[in-house]
Amino acid sequence: MAMKSTNPFESDRRAMIDRQLRRRGIREPRVLEAMDAVPRHEFVPAEFLPEAYEDRPLPIGESETISQPYMVAAMTAAARIDPGHRVLEVGTGSGYQAAILAHLGARVVTIERNSRLSEEARARLARLGLKDVVVITGDGTRGYPPGAPYNAIVVTAGAPGPPQALLDQLADGGRLVIPIGGLRQQILQVIFKHEGQYAVRDLDPCQFVPLVGEHGWPLKEGG
Ligand code: SAM
């Protein structure tokens, strides 16, 4: 896929791949190649450009964040994306995770509840030539039935439990990658669906912003 961007941060990106990803056990060549190809600095606000490839999440406005590079790579590896897979992402944010999934050849639908972020992400992804990513504004805890069933669903916000709608919208053999736990601390889980049964595997501890919605955390007063 053609990605319309020059490479001003090439050495930062290489260092990110070696120190943050390879050394921590991300081995899948296609995931490493996608993390190398997608220009993360295009997804962060101008004031954070010098920190674009640092080992942490960064603010993107609206009290939300673009996830830490390692977490994006770990979730992508856990989702085991093959070209042509139908993939749902819940929590578009900046659009970075969606761009990585699309770079792997997935047909991506991504849902964001914050309309300002979803509009910005849609424009950014189009500008970068990622025309095949569909950005929806709405409550992703309900999934997106028109695109189902999905080979993989990646949730990039922390949930109190796996939303039933997302389990229902997984294809047989599909996997849900989702941080599950409390408001401040979660465990990244991968939930496999096979002949209507589910198997859960715990991956890394993590700290995500809350998944807010009908089948997530309740919206705070004024939030
Ligand atoms: N994947 C994003 C990226 O690559 O930049 C980072 C996502 S950020 C950690 C979590 C996002 O989930 C926030 O933008 C937040 O607004 C969104 N979110 C929270 N609850 C949601 C819901 N029910 N449906 C859709 N998006 C939700």
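Figured I'd write up the structure that's included with this text. (Residues numbered from 1 in each chain as written. Predicted model: local features only at pLDDT ≥ 70, side-chain atom pairs only at ≥ 80, totals over all residues. Heavy atoms only, no water.)

**Observations concerning the sheet that holds strand β6 (residues 150–155)**
- Read from one edge of the open sheet, 7 strands run β5-β4-β3-β6-β7-β8-β9, paired in mixed fashion. Edge positions in the sheet fall to β5 (134–137) and β9 (197–206), since each of these pairs with one other strand and no more. Each adjacent strand pair in this sheet contributes to an overall mean axis angle of 15°, direction not counted.
- Pairing between strand β3 (residues 86–90) and β6: 4 bridges, direction parallel. Following the sheet pairing, V87 is matched in β6 by A152.
- Sheet strands in contact with helix α5 (residues 115–127) are β4 (107–112) and β5, and its direction is about 170° off that of β5. (Pairing = 2+ DSSP bridges. Helix = DSSP H or I, 4+ residues; strand = E, 2+ residues; numbered from the N terminus. Axes fitted to C-alpha atoms, helices over the stretch in contact; angles between N-to-C directions. Contact = heavy atoms within 4.5 Å.)

**Notes on the side chain of Q20**
- Position of Q20 among the secondary structure elements: in helix α1 (residues 10–21).
- Only 2.8 Å separates the side chain of Q20 from the backbone oxygen of Y53, close enough to count as a polar contact.
- Once residues lying within four places of it in the same chain are set aside, the contact partners of Q20 are A15, Y53, E54, D55, P69 and Y70. (Polar contact = N/O pair within 3.5 Å; in protein donor to acceptor, adjacent residues only side chain to side chain.)

**With respect to the packing of α1 against helix α3 (residues 69–79)**
- Interhelical geometry of α1 versus α3 gives an angle of 70° and a closest axis separation of 10 Å. It follows that α1 is roughly perpendicular to α3 by the angle criterion. Contacts between α1 and α3 involve M16, Q20 and L21 from the first element and P69, Y70 and A73 from the second.
- Counted by class, the contact of α1 with α3 contains 5 nonpolar, 1 polar and no charged residues. (Parallel < 35°, antiparallel > 145°, perpendicular 65-115°, else oblique. Nonpolar A, V, L, I, M, F, W, Y, C, P; charged D, E, K, R; others polar.)

**Looking at the pattern of salt bridges**
- In the structure shown here, the tally under the stated rule is 12 salt bridges.
- One salt bridge in this structure joins R14 and E10, with 3.7 Å as the shortest N-O distance. One end of the pair, R14, and the other, E10, are both in helix α1, 4 residues apart, so they sit about a helical turn from each other.
- Look at E10 and you get partly exposed, because its relative accessible area is 34%.
- As a salt-bridge pair, E120 and R116 come within 2.9 Å of each other at their nearest N and O atoms. Residue E120 and its partner R116 are both found in helix α5; the two are separated by 4 residues, about one turn of the helix.
- For E120, a relative accessible area of 30% gives the class partly exposed.
- Salt bridges linked by common partners bring E10, R13, R14 and D36 together as one network. (Salt bridge = Lys/Arg side-chain N within 4 Å of Asp/Glu carboxyl O. Buried < 20%, exposed > 50% of the residue type's maximum accessible area, 1.4 Å probe, protein only.)

By themselves, these figures tell us nothing about what the structure is for.
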